[in-house]
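# Working through the structure, step by step
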Amino acid sequence: MNSVLYLGVEGVLFTWRVSFASPRHKSERPPHPGILLPSIITAVLEHPDIEIVLNSWWVADYGYRRIVQLLPSEIARRTIGATMPGNRTHRRPAEPRTRADILRLDIARRNPQHMTIVDAFQSAIPFEYMSRAVAVSGKPRSNANGFRSELCRLLTSD
């Protein structure tokens with residue numbers, strides 16, 4: 001089965017209010033792991049058929065390979081691409097688009113049979129895919145168990 005997990009990076013895998021030095025700067029501080037990271041790793045390990053696609057501006061800002069190197073190995077091994085091109089010249093798409101629009105285009109291009117979206121920002125999830133998504137905005141620390149349950153439900157449902 002073609003099962004894709006579209007995964008936001010900032011705010012989901014890593015805390016989103018962290019300053020993360022650009023590739024042009026010498027001093028770098030790795031981002032802090034997010035509170036939901038263990039739940040996501042567990043869910044990925046429980047579903048061996050899942051492929052991961054990153055949906056994050058960090059890919060465009062810092063480069064795809066650099067972001068994949070920051071990921072835990074369980075997630076990095078399953079990562080097959082990103083919704084936007086990554087490069088080291090800090091370029092973003094020429095025409096202004098939202099992450100929801102970029103995600104919508106990637107879904108149309110990949111045409112997954114089964115799809116789940118996890119993002120920290122509800123605005124990054126196309127409205128027509130809300131039933132296949134978990135938005136983790138708010139206070140995920142207080143709802144980590146609910147997040148894991150909802151993610152597992154989406155990963156196993158059609």
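Residue numbers restart at each chain and count upward from 1, following the sequence in its written direction. Given that the model is predicted, a residue must reach a pLDDT of at least 70 before its local features are reported, and side-chain atom pairs must reach 80 or more before they are shown or counted; all residues, however, enter totals for whole chains, interfaces and linings. Excluding hydrogens and water, the side-chain figures rest on all heavy atoms present in the structure.

## Some details on the overall build of the protein chain
Secondary structure summary: the protein chain contains six helices and five strands in total. Elements are defined by DSSP. Helices are runs of H or I of four residues or more, strands are runs of E of two residues or more, and each kind is numbered from the N terminus. Its helices and strands taken in sequence order, the protein chain reads β-α-β-α-α-α-β-α-β-β-α from the N to the C terminus. Burial classes follow relative accessibility: with a 1.4 Å probe on protein chains only, a residue under 20% of its type's maximum area counts as buried, one over 50% as exposed, and anything between as partly exposed. The buried share of the protein chain, taken over its 158 residues, is 51%. For the protein chain, contacts bridging at least 24 residues in sequence account for 69% of all contacts bridging at least 6. Here a residue-residue contact requires only that any non-hydrogen atoms of the pair lie within 4.5 Å.

## Considerations on the pairing of strand β2 (residues 50-54)
The buried fraction of β2 is high, at four of five residues. With five bridges joining them, strand β1 (residues 3-7) and β2 adopt parallel strand pairing. Bridge pairing in β2 links L7 to L54. Pairing between two strands requires that DSSP report at least two bridges joining them.

## Re helix α5 (residues 99-110)
In this scheme, a helix's expected span is set at 1.5 Å multiplied by one less than its residue total. With twelve residues, α5 extends 16 Å between its outermost C-alpha atoms, agreeing within 8% with the 16 Å of an ideal straight helix rising 1.5 Å per residue. Within α5, the full set of buried residues consists of R99, A100, I102, L103, D106 and I107. Viewed end-on, α5 has its buried residues packed into an arc of 160°, placing them on one side of the element. Exposed residues pointing more than 90 degrees away from the buried face of α5 are listed as A108 and R109. Taking the helix axis as origin, the arc is that swept by the directions to the C-beta atoms.

## Some words on the packing of aromatic side chains
Any two rings among Phe, Tyr and Trp, with Trp reduced to its six-membered ring, count as a pair given centres within 6.5 Å; such a pair is stacked if its planes are under 30 degrees apart, edge-to-face if over 60, and tilted if neither. Summed over all chains, the structure comprises two aromatic pairs. Between F14 and W58 the ring centres are 6.1 Å apart and the planes differ by 20°, which places this aromatic pair in the stacked class. Of this pair, F14 sits in the loop between β1 and α1 (37-46) while W58 sits in helix α2 (residues 57-62), and the two are 44 residues apart along the sequence. Here the two residues F14 and W58 agree in accessibility, since each one is buried. A ring pair is formed by W58 and Y62, whose centres lie 6.2 Å apart and whose planes are at 85°; its orientation type is edge-to-face. Taken together, the residues span about one helical turn, with W58 and Y62 both in helix α2 at a distance of four residues. No difference in accessibility class separates W58 from Y62, as the two residues are buried. Grouped by ring-pair contacts, the aromatic residues F14, W58 and Y62 constitute a single cluster.

## Section: the sheet that holds strand β3 (residues 79-82)
As summarised here, the arrangement of the five strands in space is β3-β2-β1-β4-β5, forming an open sheet in which the pairing is parallel. For this open sheet the edge positions go to β3 and β5 (133-135), each flanked by a neighbour on one side alone. Taking each pair of neighbouring strands and ignoring which way they run, the sheet shows an average axis angle of 20°. Axis definition: a line fitted to C-alpha atoms, limited for helices to the stretch in contact. Angles are taken between N-to-C directions and run from 0 to 180 degrees.

## Observations concerning the pairing of strand β4 (residues 114-119)
When you tally the buried positions in β4, you get six out of six residues, the bulk of the element. Alternating positions in β4 separate into two faces, H114, T116 and V118 on one and M115, I117 and D119 on the other, with burial throughout. One ladder, built from five bridges, connects β1 with β4; its direction is parallel. Its bridge partner lying in β4, L7 is registered against V118. Here three bridges tie β4 to β5, and the two strands are oriented parallel to one another. Within the sheet, the bridge partner assigned to I117 lies in β5 and is A133.

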